[in-house]
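So the chains spell out like this:
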Number of protein chains: 2
Amino acid sequence: MTEPLSFEPPRGMRDFYPEDMVWRNRVFDAWRQASVSFGFQPYDACVVENLALLQRKSGEEVSEQIYHFEDKSGRKLALRPEMTPTLARMIAAKQGQLAFPVKWFTVAQCFRYERMTRGRKREHYQWNMDIIGEESVSAEAELLAAVALALKNMGMPANGYRIHVNNRALLSEMLAASGIAANHHAAVFLALDKRGKIEDTEIRDLLIKEGLDETAIAKTFDLLSVQTLEQAAARTQADSPAVKALRDLFELATIYGIADRLVFDISVIRGLSYYTGIVFEAFDTERKFRAIFGGGRYDSLLTAIGGQPTPAVGLGFGDVVVVEVLKELLGETAATEKRGVIIGYMFPEQREVATALARRLREAGEAVELMLAKQKPKQFFARASASPAADAIFIGPDDVTNGCAKRKNLTTREEKEIALV
Amino acid sequence: MTEPLSFEPPRGMRDFYPEDMVWRNRVFDAWRQASVSFGFQPYDACVVENLALLQRKSGEEVSEQIYHFEDKSGRKLALRPEMTPTLARMIAAKQGQLAFPVKWFTVAQCFRYERMTRGRKREHYQWNMDIIGEESVSAEAELLAAVALALKNMGMPANGYRIHVNNRALLSEMLAASGIAANHHAAVFLALDKRGKIEDTEIRDLLIKEGLDETAIAKTFDLLSVQTLEQAAARTQADSPAVKALRDLFELATIYGIADRLVFDISVIRGLSYYTGIVFEAFDTERKFRAIFGGGRYDSLLTAIGGQPTPAVGLGFGDVVVVEVLKELLGETAATEKRGVIIGYMFPEQREVATALARRLREAGEAVELMLAKQKPKQFFARASASPAADAIFIGPDDVTNGCAKRKNLTTREEKEIALV
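Cut-off values and rules
Residues numbered from 1 in each chain as written. Chains lettered and ligands numbered in written order. Predicted model: local features only at pLDDT ≥ 70, side-chain atom pairs only at ≥ 80, totals over all residues. Heavy atoms only, no water. Phe/Tyr/Trp six-rings, centres within 6.5 Å; stacked < 30°, edge-to-face > 60°. Helix = DSSP H or I, 4+ residues; strand = E, 2+ residues; numbered from the N terminus. Buried < 20%, exposed > 50% of the residue type's maximum accessible area, 1.4 Å probe, protein only. Lys NZ or Arg CZ within 6 Å of the ring centre and 35° of its normal. Polar contact = N/O pair within 3.5 Å; in protein donor to acceptor, adjacent residues only side chain to side chain. Contact = heavy atoms within 4.5 Å. Arc of directions from axis to C-beta. Buried area = accessible area lost by both parts, 1.4 Å probe. Salt bridge = Lys/Arg side-chain N within 4 Å of Asp/Glu carboxyl O. Least-squares fit on C-alpha atoms with pLDDT ≥ 70 in both. Pairing = 2+ DSSP bridges. Disulfide = S-S within 2.5 Å. Axes fitted to C-alpha atoms, helices over the stretch in contact; angles between N-to-C directions. Domains from an automatic or database assignment. Parallel < 35°, antiparallel > 145°, perpendicular 65-115°, else oblique. Left-handed = near helix turned anticlockwise from the far one by under 90°.

*Asks:* Help me out: how do you make sense of the packing of aromatic side chains in this one?
*Replies:* Note on aromatic pairs: each is described by the distance of the centres and the angle between the planes. Residue and element names in this part refer to chain A. Throughout the structure, instances matching the rule amount to 37 aromatic pairs over all chains. Between F280 and F293 the ring centres are 6.3 Å apart and the planes differ by 65°, which places this aromatic pair in the edge-to-face class. Of this pair, F280 sits in strand β11 (residues 278–284) while F293 is found in strand β12 (residues 293–297), placing the two residues 13 residues apart along the sequence. According to the relative accessible area criterion, F280 is buried, its value standing at 0%. The exposure class assigned to F293 is buried, which follows from its relative accessible area of 2%. Taken together, the ring pairs in this structure connect F16, F28, W31, Y125, W127, F280, F293 and F317 into an aromatic cluster. Just above the ring of F40 sits the side chain of K103; from NZ or CZ to the centre is 4.9 Å.

*Asks:* Could you clarify how one ought to interpret the side chain of R383 of chain B in this entry?
*Replies:* Inspection of the secondary structure assignment puts R383 of chain B in helix α15 (residues 377–386). With a relative accessible area of 15%, R383 of chain B lands in the buried category. From its side chain, R383 of chain B meets the backbone oxygen of F100 of chain A in a polar contact 3.4 Å long. Once you skip the residues sitting within four places of it in the chain, R383 of chain B turns out to touch A99, F100 and P101 of chain A together with E369, M371 and Q375 of chain B.

*Asks:* Sorry if this is basic, but what is going on with unusual backbone geometry here?
*Replies:* What is expected of a backbone is that most residues other than glycine have negative phi and most peptide bonds are trans. With an omega dihedral of -5°, the bond running from F100 of chain A to P101 of chain A counts as a cis peptide bond. The residue P101 of chain A is located in the loop between α4 (84–93) and β7 (102–111) in this model. Phi is positive for R413 of chain A, close to 70°, though the residue is something other than glycine. Considering the arrangement of structural elements, one finds R413 of chain A in the loop between β17 (404–409) and β18 (415–419). Positive phi, close to 80°, is recorded for R270 of chain B, a residue that is not glycine. Secondary-structure assignment places R270 of chain B in the loop between β10 (262–264) and β11 (278–284).

*Asks:* Can you help me understand helix α9 (residues 214–223) of chain B in this one?
*Replies:* One turn of the α-helix equals 3.6 residues, which is why residues spaced by three or four share an orientation. Residues and elements named next belong to chain B. Turning to α9, its buried residues are A216, I217, T220, F221 and L223. The buried residues of α9 occupy one face: seen down the axis, they fall within an arc of 150°. One side-chain oxygen of the residue at the start of α9 lies 3.2 Å from the amide nitrogen of T215, identifying that residue as D213.

*Asks:* What should I look at first to understand the interface of chain A and chain B in this one?
*Replies:* When the parts of a complex come together, some accessible area is lost, and that lost area is often used as the size of the interface. On the side of chain B, 94 residues touch chain A, which itself brings 94 residues to the contact. Taken together, both faces of the contact between chain A and chain B bury some 7,900 Å²; the carbon and sulfur share is 57%. Here chain A and chain B share 10 salt bridges between them. Between E142 of chain B and R362 of chain A there is a salt bridge; the shortest N-O distance is 2.6 Å.

*Asks:* In this structure, what is going on with the relation of the copies chain A and chain B? I would like to understand it.
*Replies:* The operation linking the two copies of the chain is a rotation about an axis combined with a translation along the axis. If you rotate chain A by 180° and push it 0.0 Å along the axis, it lands on chain B with an RMSD of 0.1 Å. Taken together, the rotation angle and the small translation identify this as a two-fold axis. Measuring from the rotation axis to each C-alpha of chain A, the shortest distance belongs to F69 of chain A, at 3.0 Å.

*Asks:* Would you mind going over the pattern of salt bridges with me for this structure?
*Replies:* Residues and elements named next belong to chain A. Tallied over the full model, the rule gives 52 salt bridges over all chains. For the salt bridge of E281 with R270, the shortest nitrogen-to-oxygen distance reads 3.0 Å. Placement of E281 in strand β11 and of R270 in the loop between β10 (262–264) and β11 is noted, with a sequence separation of 11 residues between them. With a relative accessible area of 16%, E281 lands in the buried category. On the accessibility criterion, R270 (16% relative accessible area) is buried. Here R407 and D391 are joined by a salt bridge, their closest N and O atoms 2.7 Å apart. Remark: D391 occurs in strand β16 (residues 391–395) and R407 occurs in strand β17; sequence separation between them is 16 residues. When its relative accessible area of 12% is taken as the criterion, D391 is described as buried. Connected via shared salt-bridge partners are R14, E123 and D319.

*Asks:* Is there a simple way to think about the environment of K406 of chain B in this case?
*Replies:* All names here are of chain B. Structurally, K406 can be placed in strand β17 (residues 404–409). According to the relative accessible area criterion, K406 is partly exposed, its value standing at 42%. Counting along the chain gives 13 residues from K406 to A419, while the straight-line C-alpha distance between them is 8.8 Å. For K406, the residues in contact, after removing those within four places along its chain, are A392, I393, F394, E415, K416, E417 and I418.

*Asks:* Looking at this structure, how should I read the pairing of strand β9 (residues 161–167) of chain B?
*Replies:* Side-chain positions along a regular strand alternate between the two faces of the sheet. Residue and element names in this part refer to chain B. Burial analysis of β9 places six of its seven residues in the buried class, the great majority of the element. In the sheet, β9 pairs with β10 via three bridges, with the strands oriented parallel. Within β10, the residue paired with H164 across the bridge is V263.

*Asks:* Quick question: what am I supposed to make of the state of the cysteines here?
*Replies:* Taken as a whole, this structure holds zero disulfides over all chains when the rule is applied. Counting only cysteine sulfurs, C110 of chain B is the nearest neighbor of C46 of chain A, a cysteine outside any disulfide, at a range of 11 Å.

*Asks:* In this structure, what is going on with the sheet that holds strand β4 (residues 48–50) of chain B? I would like to understand it.
*Replies:* In a beta sheet, neighbouring strands are held together by backbone hydrogen bonds and run either parallel or antiparallel to one another. Residues and elements named next belong to chain B. Across the sheet, which stays open at both edges, the three strands sit in the order β4-β6-β5 with antiparallel pairing between neighbours. Each end of this open sheet is capped by a strand with a single partner; those strands are β4 and β5 (67–70). Recorded for the sheet is a direction-independent mean angle of 40° between the axes of neighbouring strands. Across three bridges, β4 lies against strand β6 (residues 76–79) in antiparallel orientation. Residue E49 lies in a different strand from β6, and its bridge partner there is A78.

*Asks:* How should the domain arrangement of chain A be read in this particular structure?
*Replies:* Structurally, chain A comprises domain 1 (18–330) and domain 2 (341–419). Computed over C-alpha atoms, the centres of domain 1 of chain A and domain 2 of chain A are 50 Å apart.

*Asks:* Would you mind showing me how to read the sheet that holds β10 of chain B here?
*Replies:* Residue and element names in this part refer to chain B. Read across the open sheet, the eight strands follow the order β2-β7-β8-β13-β12-β11-β9-β10; overall the sheet is mixed. Edge positions in the sheet fall to β2 (41–42) and β10, since each of these pairs with one other strand and no more. For β11 and strand β12 (residues 293–297), the ladder comprises four bridges, and the chain directions are antiparallel. Bridge pairing in β12 places F280 opposite G295. Together, β7 (102–111), β8 (123–132), β9, β10, β11, β12 and β13 (312–318) form the strand contacts of helix α5 (residues 138–154), whose direction differs from that of β8 by roughly 140°.

*Asks:* Whenever I open this one, the packing of helix α6 (residues 168–177) of chain B against helix α7 (residues 185–193) of chain B confuses me. Can you help?
*Replies:* For any two helices packed against each other, the geometry comes down to the angle between their axes and how far apart the axes lie. Residues and elements named next belong to chain B. Across the interface, α6 lies against α7 with an axial gap of 11 Å and an inter-helix angle of 115°. Accordingly, the angle class assigned to the pair α6 and α7 is roughly perpendicular. For the crossing formed where α6 meets α7, the hand is right-handed. Facing α6, whose interface residues are R168, L171, S172, L175 and A176, α7 presents H185, V188 and F189.

*Asks:* I keep staring at the pairing of β7 of chain A and nothing clicks. Help me out?
*Replies:* Residue and element names in this part refer to chain A. Among the 10 residues in β7, 10 count as buried, and that is most of the element. Judged by which residues are buried, β7 turns out to be covered on both faces: V102, W104, T106, A108 and C110 on one side and K103, F105, V107, Q109 and F111 on the other are all buried. Relative to β7, strand β2 (residues 41–42) is paired through two bridges, and the arrangement is parallel. Following the sheet pairing, P42 is matched in β7 by F105. Of the strand pairs in this sheet, β7 and strand β8 (residues 123–132) are connected by 10 bridges, and their pairing is antiparallel. Bridging across to β8, K103 finds its partner in I131.

Structure (structure tokens):
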């Protein structure tokens, strides 16, 4: 006796039934359309990546959560937790041949072995958009305008979300002005990023461990009291490049028509260690959900993996949170869309006519669901109503004799005649 | 010192640069459009599957080639080698709630650890289309008509490929008529399927191992001499259901307009053990490449994994061979398509106008690549020519003064004026 198999997917992994795909396609289509509209070119790579690459440049927390295994030749492989190291590898491999800046996008499945709390999954799809080779904030502005279009394409209202923007270089300048040496900054960023996830006393412990004294720790926490870019500017030099970059970004945001959604937020830091400049995270306006997307500038990643120095900025936008937000704002069924036609027939004698009609309508560009066996009218219309089709055509013997049938709109019940020849 | 990282993907895995995505998108778009046109609904599942499910129902050869690993809780997981077991699991999980027949499709990445010969990869994407719950050959005909539309959408000429069709039930009837008992048929199918891959003497050895005597082996090989459906019919009973199914399928193929591409071929058997009825495999007409797609009827799979008895038919269509065939028939660059517009500017002072123009054209639905820094005209037009854009707009100080610029078609060199306000 073989033991019964589970019909469940592996723990933390998702099945997508057609009703789930309605939302997923809405999100994926919006991502792709915005990418194309903004002149980003598609790329992709296998979900299986070399473990060494992922360990080299992912954040500490991510590294612990990598699904890894050996293949039959003993190669150390992994399911990628994020796309950026792979992108950096692909850029580095062709660095001499590419015309920079390059603007690339992908929709990539990523895996993290996390504890299964708060509805977290162990895999998600992530839209990645990156601009490699452009040092000015034109790149950040272009990315954020593209992501705003994607959200609009999904039906997200402009006042439904806010993009919180900061600059790690600004934090660095402020820390330096407080007398905290540059070699501590990376550790301070990672500690401060945990705020809200762990207690402030635990953050304090991390800072003590990094070697900061009481005064430095107090100054570090004090930075987070900054509310506006003007307050931040007052704490750095008058010609601060970090402040200038943020001001330039907000100015460009006005030209792109997205300034209403951008807010300066000193608390945005991002968990990944490779960010060097502007960082951003978007939330629903009421902040009921986790971040919708996030990203920033990572000018040192290419050199870190062995490539040439190359400025870069990118974002990651997962498929889970945005659907939660959209369902909250628009309703569970907002993505449903009726389209195309369903065709059925009463007796085997009408199969040929029904099939020929399906062929004709498909050749004219319509989506046609053809019933593959005879049905009673009641059976057919029950199925038709539950299907995604907008219209229904049911063919009986008289219709064939008359050479025409009725095409019925399943919502309005309106009928119009359609020729069967 | 850290050792230098490889910029190569893991062995057998593919990177897709934008130039590779041109072909991939052509194939994926054709698959999706044909699926939607034929009323198939999308589904998907995670590439990580329970190992037990895959081992239960994949063919013997496939089972040895599964990438498998344990997660941190000791769960035995695997990268799926094919989608059908996952589909069967998903159907079984909701068998009481689904309205049969269901018609589902997906484009799924699948993995096989194969020896790296003849340019084979260890992963590919596979279009899967399945009809679950329909016992008549209407289902097979619908599938084959949909796949013919997908090939047409890709630019494949109707005479560029042939779909070779057989029926395992017909082979069973013929084996039974030759006195070979039903319990041997599955093993005989798997042995005969190896024809062309291994020597006939090795196939003979497999049949001896299965317990067939010399007479039975001679009769088995003799079956493969059958050239036409009429010859096959002559070797079974007059009312053979297997012959009737094939005749019905060829008749429906005429109504669907695909009869010119279908050929009866007794040698088509398929390697997977779960097929029970009609099986098919498509090849380029000159048979220079491996199979483009294949599939068939598998009426027992649902019961084998513990679900209710449910007839089913499906196909798998990989992304590798078809691109080889299309490149051979249409040329390497056939998929390239110029579209959208690229916008550049000469001095920082024109950035705002260029950005505002990009915004306006994007809002009008155009794909716009905006340069993110100033360029000299020569630099800009060199980049524009190498880009996928159809048109180029370069903005200098005079254009801003005049309130209009030139939109240049990069192929014909024609120019027309475009307002900058």
